[in-house]
Amino acid sequence: MNNAITMASDLIMAAPMDLIPPAKPKAIPGLEGTVSTIFGYGLWALALAGAGGVGYGVFKLATSDKSRNGGGSEPFKWMGGGIIAILLSSTLIAVLNGIAG
C-alpha cells in the first residue's frame with residue numbers, strides 16, 4: 001500500500017515537468033528589463049480580460065430576458081469585445097515572439 005502511494009505521488013510530481021518544457025525567453029532588442037516585463041504582463045492581462053468578457057457575455061446570454069422586448073444584443077457585444085481582446089493580445093504576443101526569436 002505504501003509503495004503504491006509513493007509511486008502515485010512520484011507520478012503526480014513528475015507529470016507537470018514532462019508536459020511543460022522549460023522555457024528560456026529571449027529578450028526583445030530595446031525592451032530589456034522592466035519595460036519588457038510590464039509589457040508582457042499587460043498582454044496577458046488583456047488576454048485574461050478578453051476571456052472574462054466572453055464569459056460574462058455567455059452569462060448574460062443565459063440569464064437575459066428572452067421575450068421580444070428584451071435587449072438581445074448586449075450579451076453579443078460583451079462576447080464580441082472579449083474575442084477581439086483575445087485576438088489582439090494573442091497577435092501582439094505572436095509578433096513579439098517573432099521579433100525576439
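For the structure, check the block above.
All values reported here derive from a predicted model rather than from experimental measurement.

Reading the values: the criteria
- The residue numbering used here restarts from 1 in each chain and proceeds along that chain's sequence as written.
- The predicted origin of the model limits local features to residues at a pLDDT of at least 70 and limits the giving and counting of side-chain atom pairs to 80 or more, whereas totals for whole chains, interfaces and linings rest on all residues.
- Values reported for side chains reflect all heavy atoms of the structure, with hydrogen atoms and water molecules removed beforehand.
- The pairing test for Phe, Tyr and Trp rings, Trp by its six-membered ring, is centres within 6.5 Å, and the orientation test on the planes gives stacked under 30 degrees, edge-to-face over 60, and tilted for anything in between.
- Secondary structure follows DSSP: runs of H or I at least 4 residues long count as helices, runs of E at least 2 residues long count as strands, and numbering of each begins at the N terminus.
- Type-normalised accessible area, obtained with a 1.4 Å probe on protein chains alone, sets the label of each residue: buried when under 20%, exposed when over 50%, and partly exposed for intermediate values.
- By this rule, a helix spans an expected 1.5 Å times one less than how many residues it contains.

Q: Describe the packing of aromatic side chains, and please don't skip the residues or the numbers.
A: Scanning all chains against the criterion turns up 2 aromatic pairs. Ring plane angle 75° and centroid distance 4.7 Å describe the contact between Tyr56 and Trp78, whose orientation is recorded as edge-to-face. Of this pair, Tyr56 sits in helix α2 (residues 34-63) while Trp78 sits in helix α3 (residues 74-100); the two residues are 22 residues apart in sequence, bridging distant segments of the chain. You can call Tyr56 partly exposed: its relative accessible area is 37%. Ring pairs connect the aromatic residues Tyr56, Phe59 and Trp78, which therefore count as one cluster.

Q: Which residues make up α2, and what values do they have?
A: Its 30 residues give α2 an end-to-end C-alpha distance of 43 Å, which sits within 8% of 44 Å, the value for a rise of 1.5 Å per residue. Restricting attention to buried positions, one finds in α2 the residues Leu43, Ala47, Gly50, Gly53, Gly57 and Lys60.

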